[in-house]
Amino acid sequence: MSLPILSLLIFFPVLGAVILLGTGKENEKKIKGMALVFSLVEFVLTLPLWFAFDKTTHHMQFVERHSWISLFNIEYYLGLDGISILFVLLSTLITILCVLVSWHSIQLKIKEFFVCLLLLEGAMIGVFCALDFFLFYIFWEAMLIPMFLLIGIWGGPNRIYAATKFFLYTLVGSLLMLVGIITLYMQGGNTFDILALAEQSYPLKLQLMLFWGFFAAFAVKVPMWPVHTWLPDAHTEAPAAGSVVLAAILIKMGAYGFLRFSLPILPEATTAMIMPMIILSLIAIVYGGLICLAQTDLKRLIAYSSVSHMGFVTLGIFSLNTQSVGGGILQMINHGVITGALFLAIGMVYERTHTRLISDYGGLATRMPVLASFFLLFTLASIGLPGTNGFIGEFLILLGSFMTRPWVALIAASGLIIGAWYMLWLYQRIFFNPVNPRWDSIRRLDRREIITFLPLVILIFWIGLFPNHMLSYMHVSVAHLLEQVTGNPAGIANGVQFGLDAATALPLSH
Amino acid sequence: MPTYLLLIPFLPLFSFVVTFLVGKRLGVHSHWLPIITVLISFSCAIYAFFQVKNGYRVNTDLYTWISSGAMTVSVGFLLDELTSVMLIVVTSVSALVHIYSVSYMKEEAGYYRFFSYLSLFTFSMLMLVLGNNFLQLFFGWEAVGLSSYLLIGFYYNKMAAADAGKKAFIVNRFGDFGFILGLFLIYASFGTLHYEPVFANVAQIATQTFTMLGVTFNLPTAIALLLFCGAIGKSAQLPLHVWLPDAMEGPTPVSALIHAATMVTAGVFLVARCNPIFALSMTALNVITIVGSITCLFAATIALTQTDIKRVVAYSTISQLAYMFIACGVGAYSAGVFHLFTHAYFKALLFLGCGSIILGMHHEQDVKYMGGLKKYMPITYWTFLLASLSISGVPGFAGFFSKDEILAMAFVSPVGAGKFAWFIGTIVAGMTAFYSFRLFFLIFHGKFRGTAEQQHHLKESPKTITIPLILLAIGAVGAGAFGVPAVLGGNANWSHFLEPVLGHPQAHPSHFTEIILMIISVGAGALGIFLAWKMYINNPGLPQKIQDRFPLLYRLSLHKYYVDEIYGFLIVKPMNSFSRNFILNFFDIGLIDTIVNGIPKLIGQLSGTIRKVQNGLVSHYLAYMGGGIVFIIFLIYARS
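Residues numbered from 1 in each chain as written. Chains lettered and ligands numbered in written order. Predicted model: local features only at pLDDT ≥ 70, side-chain atom pairs only at ≥ 80, totals over all residues. Heavy atoms only, no water.

On to the packing of helix α17 (residues 398-412) of chain B against helix α18 (residues 418-444) of chain B. All names here are of chain B. Orientation of α17 relative to α18, taken along the N-to-C sense of each, is 155°, at an axis distance of 7 Å. Viewed along their axes, α17 and α18 adopt a mutual orientation that is roughly antiparallel. The two elements α17 and α18 cross, and the hand of that crossing is left-handed. Between α17 and α18, the contacting residues are Lys 403, Leu 407, Ala 410 and Phe 411 on the first element and Gly 418, Lys 419, Ala 421, Trp 422, Gly 425, Thr 426, Ala 429 and Thr 432 on the second. Partitioning the contact of α17 with α18 into residue classes produces six nonpolar, four polar and two charged. (Axes fitted to C-alpha atoms, helices over the stretch in contact; angles between N-to-C directions. Helix = DSSP H or I, 4+ residues; strand = E, 2+ residues; numbered from the N terminus. Parallel < 35°, antiparallel > 145°, perpendicular 65-115°, else oblique. Left-handed = near helix turned anticlockwise from the far one by under 90°. Contact = heavy atoms within 4.5 Å. Nonpolar A, V, L, I, M, F, W, Y, C, P; charged D, E, K, R; others polar.)

Below, the structure written as structure tokens:
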């Protein structure tokens, strides 16, 4: 690969942002149109990745490597593997939808809004591509600023509190990670090269310290229980596009961090910390689900449901076998698609009603039947109905965790009941029941809004019915990762001490 | 993969997609595509049946659905004796309900939506029965649940309907919770989720055990009971039966198709399909028999006093499904599937009869306001009578053959609870005859008790309604012909046909025993009909007297043993209040957020001087950065 495709992907949106900044702010249509074009071109630029990616190797692809600050051995080092590639694709897709959903809902400082969005996109892609820890940290922090502004400027009435909380929470985490990075730099032979750092072994005590340092940053982002309370506030106050990016991409970075750093660099600490991580995940699943039953605010409910769903993701990652980790990564994509879609839909509703109170709704299916159909599909995907993408991820995670610890799957599976409970209850209170006459003259979905949903609808069914198209990208990389952590490319899969011998079972199995 | 087999499920899927997307524009013509496709599916199902009868089998994968490491599951079809029977049940009842709905739903807004959901349901149910692996079964299982949810809540602006749909889905999720764990345990035991290798190797796990949280289970028992959890939910057995009566909020054709003839029998199908696993566990078989027996009696006693005609039939369905589970529990799977088959026709007929009556009565469902409908609705009357005779087990009718086979097999079964099941089953046979004819007499005989307005409009339903009734009546009477026992001069075709899949019951009653048992159960049925006649025709004051004599029993039955209230009190309310008061208010807001908001405040106070200089939020960041740097220095020192 001679074409620096990844750099192009990172800096094209930045360039777009700069061009937008130079545009006169009077012409709103032109600004929106340009933002849309930039995001579309960016998405088209990511498509070659999908086709050119070699699924048979775990080695980094599309690599770009240049010395940057040679004094500290800091490099400009980019590359993708089977774990990160899908997130780049998802990021560029989601950004288009964010531009579309903001078409009318953003009335204030329109130019600046889209500039923020594009800068955010560049930084997000940078996070997924960076293979130098220092570079990673820069993108990681750079991402924080546009997001902070999105909430703080274009957010709801309580936006300052929410933005500050978001900023402080993530900053505390990030600083602890920075400490970890510097320690690792000094211990790992003065390099920030993530792959080289993973090659070395460190004393367990140091590993554990670093593990918790990284944990602080990643757990806040996921967010894991009990450091999740910034998420509901951030989501409720953020504008629709902010919520969508937050749900679809930003909170995936925490889980991605575990996969990229904690697991391969600190394998012994990871295996030593499996139990606490699993317990935190289980608490998140159940706690996040139950708290949804008590929500009166539409966006808060979906925000808390993210806590529960991300609990499944971390459970999958720390169950450390092929199915659970593969399912976990797929579920990150799935959650991005589904919750992104839910926040898009809620954004469209909010734009019309200006209320987030669930009790203000009722019977909306009569007034907005097309939206009701879309929302139902997203709800079903969220509760893991087979045939939708949500099922595949949850099924693989639960199956993988069952293979190592059946009781964990038993507790986690209760999330399926609670999930159906709060989501269908929510759906009923908004779309079913007697019509609230307040919304008698509510505007139906227009073509732009329907188009916004379509890519996500396609993804829900595509992944739900043909998940191998996605899973095949990650197989080799996941196997490599598991080998790094557990010494076995299948991971920890022998927790079950009964059933047929593999020798007798395999020839018969399909 | 033969094309006709692919057409069976995928034509209804095609019909769903098209009707859902463009049905609105088709308006009153939107029923054509669903009807035509389901009729083609039905023809293909008949063809498939004869193919199987000639010894032809299919077990082919369509494509690989999920592949992750060693785990691979396909979408694939299995056509064998059991499948072929289910295909006929599903497509035939579905086709008749489609046709029936043309008149029944004529005036409704969302006509196209109704037909698209019917197609979705038909597709889902066919995928459920056609799958060659557990995960596809689960796909169909959840998809029929979705169709049921949509159709129960068809009148979604009505709170009760929306509630009922949601309840059905969530209660079923409790069952699915066990079901999916059962799937995991199967995968953990066999390394595959496909039927063929699982059933072929099932003997190898017979004596293995499985330990979880310190408790050791016999492996086949654990798998069987977990799967049975799913069956309890879908087939509305105790303690997860509560959703089915509420599901009557859905349009009546839906009640006939989904909540009587097909979907609710999926649990029975599951147990029958997995019979090699269940056969390994006496414990599981006993549990199924006992749950079946108790549900059978429980639901029948509730049906005795209900006055909403659809509720009576709904409780009757729960009770009849319980008979099928008794059959499976005592190892007589083919008897269970036989009852599934006959029940599909006579129960669909009862429901569609109810629908015809409800239409005639202008959406009045309470039997208190009916009476004497015989002369206004002769076809409905006669077909309803045939269905009632069939469910009451009157000799010669379909229900007689299937029910008596179950009772006879239960009586001689080596399963411990068999005799108990026989005893309960025989009592319930009497109750069934009683409540069926109570309903029958109250609807069709005596004086009309509704308004003059209603009476004025009473007339027989149109042909698209009466023709399906007549066709179903043929099934309700004649479906038994496939399984006439040897003692009555038949040759037990039914169980021979299904034997390759369902195996052979361990014990057979002698002809003498069979005759005696038959006499007893027919006697019970006759007594039930007689009592119904006595109480509702001969001496109409009698029910009130009995009511006054046993007020407690009456109230228990009328209020369905207060199970809904108990669940509300023990599960729903505590869950909601625990979530609100403890998790949200105490823990999330009270504890975590107090700490989170407290720390910056504290730091802000400590760094008061900086705050004065820098004003605003920046001070917080500085404080944190300072803390971080101190930490780094500390680390470096600690290291050196």
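Let's shift gears to the nonpolar core. A general feature of soluble globular proteins is that nonpolar side chains tend to end up buried together. The biggest cluster of nonpolar side chains holds 443 residues, and the ones touching the most others in it are Phe133(A), Phe395(A), Phe134(B) and Phe278(B). For this core, the element with the highest residue contribution is helix α15 (residues 333-360) of chain B, accounting for 17 residues. In contact with Phe134(B), other than residues within four places in its own chain, are Leu183(B), Ile186(B), Leu193(B), Tyr195(B), Val198(B), Phe199(B), Leu227(B), Cys274(B) and Ile277(B). (Core = buried A, V, L, I, M, F, W, Y, C linked by side-chain atoms within 4.5 Å. Buried < 20%, exposed > 50% of the residue type's maximum accessible area, 1.4 Å probe, protein only.)

Right, let's get into the pairing of strand β2 (residues 74-80) of chain A. All names here are of chain A. Counting buried positions along β2 gives seven out of seven residues, so the element sits mostly inside the fold. In β2, alternate side chains face the same way, and those of Ile 74, Tyr 76, Leu 78 and Leu 80 on one face and Glu 75, Tyr 77 and Gly 79 on the other are all buried. Relative to β2, strand β1 (residues 61-69) is paired through six bridges, and the arrangement is antiparallel. Looking across to β2, one finds that Glu 64 is bridged to Leu 78. Between β1 and β2, which pair antiparallel and follow one another directly, the connecting turn spans four residues, one of which, Asn 73, has a positive phi of 65°. (Pairing = 2+ DSSP bridges.)

Before going further, it helps to examine the packing of aromatic side chains. On inspection of all chains with the given rule, the structure shows 91 aromatic pairs over all chains. Note on Phe402(A) and Phe210(B): the rings are 6.5 Å apart at their centroids and 25° apart in plane angle, and the pair reads as stacked. Placement of Phe402(A) in helix α18 (residues 389-404) and of Phe210(B) in strand β3 (residues 209-212) is noted, with the two residues assigned to different chains. Comparing Phe402(A) with Phe210(B), the two get one shared label, buried. The positively charged end of Arg65(A) is found above the aromatic ring belonging to Tyr77(A), 4.0 Å away from the centroid. In this structure, Lys221(A) is placed above the aromatic ring of Trp140(A), and the distance from its NZ or CZ to the ring centre is 4.5 Å. (Phe/Tyr/Trp six-rings, centres within 6.5 Å; stacked < 30°, edge-to-face > 60°. Lys NZ or Arg CZ within 6 Å of the ring centre and 35° of its normal.)

When pLDDT is averaged along chain B, the result is 89; 96% of the residues meet or exceed 70. Note on the complex model: pTM 0.92, ipTM 0.92. (pLDDT = per-residue confidence, 0-100.)

On the side of chain B, 79 residues touch chain A, which itself brings 87 residues to the contact. Carbon and sulfur atoms make up 73% of the area that chain A and chain B hide from each other, which totals about 7,500 Å². Across the contact surface, chain A and chain B share one salt bridge. In this structure, the salt-bridge partner of Asp593(B) is Lys165(A), at a minimum N-O distance of 2.8 Å. The tally of links from chain A across to chain B stands at 22 residue pairs in polar contact (both at pLDDT 80 or more). (Buried area = accessible area lost by both parts, 1.4 Å probe. Salt bridge = Lys/Arg side-chain N within 4 Å of Asp/Glu carboxyl O. Polar contact = N/O pair within 3.5 Å; in protein donor to acceptor, adjacent residues only side chain to side chain.)

A separate point is unusual backbone geometry. All names here are of chain A. Residue Pro 223 is reached from Val 222 by a cis peptide bond, and omega for that bond is -15°. Relative to the helices and strands, Pro 223 is located in the loop between α8 (204-221) and α9 (230-237). Of note in this structure, His 354 is not a glycine but carries a positive phi near 55°. Relative to the elements of secondary structure, His 354 occurs in the loop between α15 (322-353) and α16 (364-367). Given the relative accessible area of 58%, His 354 is considered exposed.

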